Amino acid sequence: MALRRVFLLRSVVPRAAGLSTEPQAREQPAANPGVVRAWGAAEVVRRPVPVVDFDNTQEAYRSRRSWELVRNLLVLRLCASPVLLAHHEQLLHVSRKLLGQRMFDKLMKMTFYGHFVAGEDQESIRPLIQHNKAFGVGSILDYGIEEDLSPEEAERKEMESCTSEAERDSSGTNKREKQYQVHPAFGDRRDGVISARTYFYANEAKCDNYMENLLKCIEASGGASDGGFSAIKLTALGRPQFLLQFSDVLTRWRRFFHQMAAEQGQAGRAAVDTKLEVVVLQESIAKMGIASRAEIEGWFTPETLGVSGTVDLLDWNSLIDSRTQLSRHLVVPNVQTGQLEPLLSRFTEEEEQQMKRMLQRMDVLAKKAREAGVRLMIDAEQSYFQPAISRLTLEMQRRFNVDKPLIFNTFQCYLKEAYDNVTMDMELALREGWCFGAKLVRGAYLAQERARAVEIGYEDPINPTYEATNVMYHRCLNYVLEKLKHSPKAEVMVASHNEDTVRFTLCRMEELGLHPDDGQVCFGQLLGMCDQISFPLGQAGFPVYKYVPYGPVMEVLPYLSRRALENSSIMKGAQRERQLLWQELHRRLRTGNLFHHPA
């Protein structure tokens, strides 16, 4: 009963009119500029797009004083030291004891904290945000505090918050598939995760407190810059048990669709290309004994599914969107037993109230973002939470992405099903007329996901190799870019520290005539990483953003630990950033510009 209420959030909006754009080559002379017609208006002259040079250290570090470059080198060098990183927590603890809290805070602000974190509060982060903005780089604000829990405390909280009352009852059995069952070996979700914040559910008051912090973050983003972003994680807003159960529902319903497709000889097709013949589908469902033939025929009518005589995955998902009278028929075959089982789980009254409050918190944040003119970036999380997170994000997009993308979903391209996820959401946005907004990332939970799949015994959801993930990322990106050409209100953020991916994007934008001034394509990197990518892009006029965490020193230490570890994994394979920093310092020394002042 409770899960169906999620589907009632949808609000389909009228589709916006189109915008025609003529392609503009990047190196075309100003005498022959690109042209765009906006909503039937007069022709607008477009500036030529400058070539972005990631090897020009003078431009890349023009916004940085020399002492900042030295700090960058020091921090990145320490991040590449296996010995220091292996004992970094002990070193921080000893340093705090020897120096005292005040001196320890100063040391952190001169080194790791100053490199990776913008400041402690809304006021202290403003100078850095304004400084970066002056050099063409925007901000994605992220209030980066985390509880410093022991592994035992984290495991206990996770086990309690991911188990329903029925499952805790000794007579209850867990009907969820293995992937969506909590497991004590992976109770501490921080283990093996080096680049993402992690929240553990304590109680509803704690979730309300997180929401208040996020509201302040949205205010800060709106006050500090125009068109900025704030990042949120849905696991901070409610009990994760709901996300697990909802993900299980969505996955089983989608698998049932592909089962029916296989019976019709369509196994292996991309989700967006799979279409079931309605007559054959009705026959298959009738044979299962789920409902009478008359009832089944009532589900698939021209009014609900059109007159094509086929059902695609979007139509299939709509069966649990709006026809609540189908709830008693929503059963799917159990993969292990072959028996039909109810799709929707029953919630206790308390669990249902917790689910409602999670949805209400999401609604409050989205309304605040709209009021402040800030876009919300919904972060991706573990694959066993992600189907629910993506679906809830989609429902928010339906409501709030009316005139422009306000809510951005995040797609993890290390997932095998990433292309299907991206294409289905884009197709739904085009079909229903709301504005598609997405951030493409490779993914942050690879080691944990692989280990969990092996331990619990389900198919690894991750692409087999890093190369396969790169192929998937570029496939998803290329699909979205081609759609953007004909969808002027859709937007995508290319969140990558990979120069090859950024170059690929720039090349495809030029080929497709996607001008940076339209703001449809933007780029994102973490604060303190890959300035040689971010600032050349920003100074060339491309929309680019730094992921900017902030918060008190002690409360962001868990974040700083993972930043250091993430840099270690990156720096082992490439020393390009350090080489460029040295190159710029040598250039300034040779030319007498060691006391360079950014202007």
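Scroll up a little and you will see the structure.
So, a few notes on the structure that sits alongside this text. (Residues numbered from 1 in each chain as written. Predicted model: local features only at pLDDT ≥ 70, side-chain atom pairs only at ≥ 80, totals over all residues. Heavy atoms only, no water.)

### What to know about the overall build of the protein chain
Summing up its helical and strand segments, the protein chain has 24 helices and 15 strands in all. Here the protein chain holds 599 residues, and 56% of them are scored as buried. Put simply, 78% of the contacts in the protein chain that link residues at least 6 apart link residues at least 24 apart. Split by element, the accessible area of the protein chain, about 25,600 Å² in all, is 53% carbon and sulfur. (Helix = DSSP H or I, 4+ residues; strand = E, 2+ residues; numbered from the N terminus. Buried < 20%, exposed > 50% of the residue type's maximum accessible area, 1.4 Å probe, protein only. Contact = heavy atoms within 4.5 Å. Areas by Shrake-Rupley, 256 points an atom, 1.4 Å probe, with all protein chains shown as cover.)

### A short note on the packing of aromatic side chains
Counted according to the given criterion, the structure contains ten aromatic pairs. Between F229 and Y545 the ring centres are 5.0 Å apart and the planes differ by 90°, which places this aromatic pair in the edge-to-face class. Pair noted here: F229 is in strand β5 (residues 229-232) and Y545 is in strand β15 (residues 544-550), with a separation of 316 residues, a long-range link. For the pair F229 and Y545, a shared accessibility class is recorded, and that class is buried. Seen in terms of ring centroids, W253 and F256 are 6.1 Å apart; in terms of plane orientation they differ by 65°. Their pairing is edge-to-face. Here the residue W253 and the residue F256 both occupy positions in helix α11 (residues 240-263), the gap between them amounting to three residues, near one helical turn. Residue W253 is classed as buried on the basis of its relative accessible area of 5%. Since its relative accessible area comes to 2%, F256 is described here as buried. The rings of F229, F408 and Y545 are connected pair by pair, giving a single aromatic cluster. (Phe/Tyr/Trp six-rings, centres within 6.5 Å; stacked < 30°, edge-to-face > 60°.)

### Describing the nonpolar core
Membership of the largest hydrophobic core comes to 65 residues, with the highest contact counts inside it found for F300, W316, L440, V521, F523, L537 and F542. In contact with F542, other than residues within four places in its own chain, are V49, P50, V52, G136, L506, M509, P516, F523 and L537. Membership of the second largest hydrophobic core comes to 33 residues, among which are L214, L234, M355 and L359. (Core = buried A, V, L, I, M, F, W, Y, C linked by side-chain atoms within 4.5 Å.)

### Structural notes on the pairing of strand β4 (residues 137-143)
Taking burial as the measure, the seven residues of β4 include seven buried ones, the bulk of the element. Where burial is concerned, the two faces of β4 agree: the one with V137, S139, L141 and Y143 and the one with G138, I140 and D142 are both buried. Taken together, the seven bridges between β4 and β15 define a ladder with parallel strand orientation. Directly across from D142, in β15, lies its bridge partner P549. The sheet contact formed by β4 and β5 spans two bridges and is parallel. Within the sheet, the bridge partner assigned to I140 lies in β5 and is F229. (Pairing = 2+ DSSP bridges.)

### Remarks on the packing of helix α3 (residues 66-79) against helix α24 (residues 576-591)
Between α3 and α24, whose axes approach to 10 Å, the crossing angle comes to 150°. Classed by the angle they form, the pair α3 and α24 counts as roughly antiparallel. Once α3 is placed against α24, the crossing between them reads as left-handed. Together, S66, L69, V70, N72, L73, L76 and R77 of α3 and E577, R578, L581, W582, E584, L585 and R588 of α24 make up the contact between the two elements. Among the residues making up the contact of α3 with α24, the classes are represented as seven nonpolar, two polar and five charged. (Axes fitted to C-alpha atoms, helices over the stretch in contact; angles between N-to-C directions. Parallel < 35°, antiparallel > 145°, perpendicular 65-115°, else oblique. Left-handed = near helix turned anticlockwise from the far one by under 90°. Nonpolar A, V, L, I, M, F, W, Y, C, P; charged D, E, K, R; others polar.)

### A look at the environment of R398
Residue position: R398 is located in helix α17 (residues 386-400). Separated by 31 residues in the primary sequence, R398 and A429 place their C-alpha atoms 8.0 Å from one another.

### Some points on the packing of helix α16 (residues 349-372) against α17
The geometry of α16 relative to α17 is characterised by a closest axis approach of 11 Å and an angle of 40° between their N-to-C directions. By the angle between their axes, α16 is oblique relative to α17. Where α16 crosses over α17, the two elements pack in a sense that is right-handed. Along its contact with α16, which presents L359, M362, D363, A366, K367 and R370, the element α17 presents L392, M396, R399 and F400.

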